[in-house]
Amino acid sequence: MDKMGLFWNKNSGEKDFAILREKMVKDQIAARGIRDRKVLDAMLKVERHLFIPNSYWEYAYLDQPVSIGYGQTISQPYIVAFMTEALKLRGDEKVLEIGTGSGYQSAILSLLAAKVYSIEIINDLALVAAARLKKLRFLNVEVKAGDGYDGWSEHATFNAIILTAAPEKIPEPLIDQLAENGRLVAPVGRVFQDLVLLEKGKSGKISMRTITGVRFVPMTGKSEKNQ
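On a predicted model such as this, the values are computed, not experimentally measured, just so you know.

Criteria and thresholds
Residues numbered from 1 in each chain as written. Predicted model: local features only at pLDDT ≥ 70, side-chain atom pairs only at ≥ 80, totals over all residues. Heavy atoms only, no water. Core = buried A, V, L, I, M, F, W, Y, C linked by side-chain atoms within 4.5 Å. Buried < 20%, exposed > 50% of the residue type's maximum accessible area, 1.4 Å probe, protein only. Helix = DSSP H or I, 4+ residues; strand = E, 2+ residues; numbered from the N terminus.

A. Structural detail: the nonpolar core. Formed by 48 residues in total, the largest nonpolar core has its most connected members in Ile29, Ile34, Met43, Phe51, Leu89, Tyr104 and Ile108. Of all the secondary-structure elements, those providing two or more residues to this core are α1 (14-29), α2 (37-45), β1 (66-69), α3 (77-86), α4 (104-110), α5 (123-135), β5 (141-145) and β6 (158-163). By size, the runner-up hydrophobic cluster in this structure holds 20 residues, among which are Phe158, Leu184, Ala186 and Val196.

B. Representation of unusual backbone geometry in the model. Omega for the peptide link from Ala156 to Thr157 comes to 5°, which places this bond in the cis form. For Thr157, the position within the fold is in the loop between β5 and β6. We note that Arg137 has phi near 70°; this positive angle belongs to a residue other than glycine. Mapped onto the elements, Arg137 comes out in the loop between α5 and β5. Here the phi dihedral of Ser203 falls at roughly 65°; this positive angle occurs in a residue that is not glycine.

What follows is the structure, encoded as structure tokens:
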């Protein structure tokens, strides 16, 4: 039996992958407490295998991160769903993502928000992700190459912000660019990381709490210089 069970082989088609996605959502995500139907539907719809190198397709729907090159990974499906649910998106939001990677999280967000702006520090990854998202018709995502530490001021403020790499502390520019009643979710720390939910209330009042422990690649660039 291969790593993804009975359905995957090198000639697997769309139907086989759909079955694997259903199993992923049922066993890895819904069974572990994700209840937002819109998040579950997005995880069912987005074809995760198309966001990783085809040499790793056998791992696409397993409960684990997968390498996408350049020392980066696509996050474990449950963590993608967990972080997305924490943003409590209704569909009319403007979202900022720091760390585009392969574009998988961007694609999930695109089905749940009005507009997604995503920043990737590795130029080649940004170019490939932008082309992939366009090809797959996730047209409400805009990707740019750059350091996400300073956010994307031209499009601020954002109703939600998500970081897919871990800073030592949440960059102040990102907090500044979060709208009132906005939510920011980020892994924070270097060796031991906490997934932190930051909320900005009226008059800019900030509340912050830890929601679980996680492991992400560290945020690079200016974040490293401001430890």
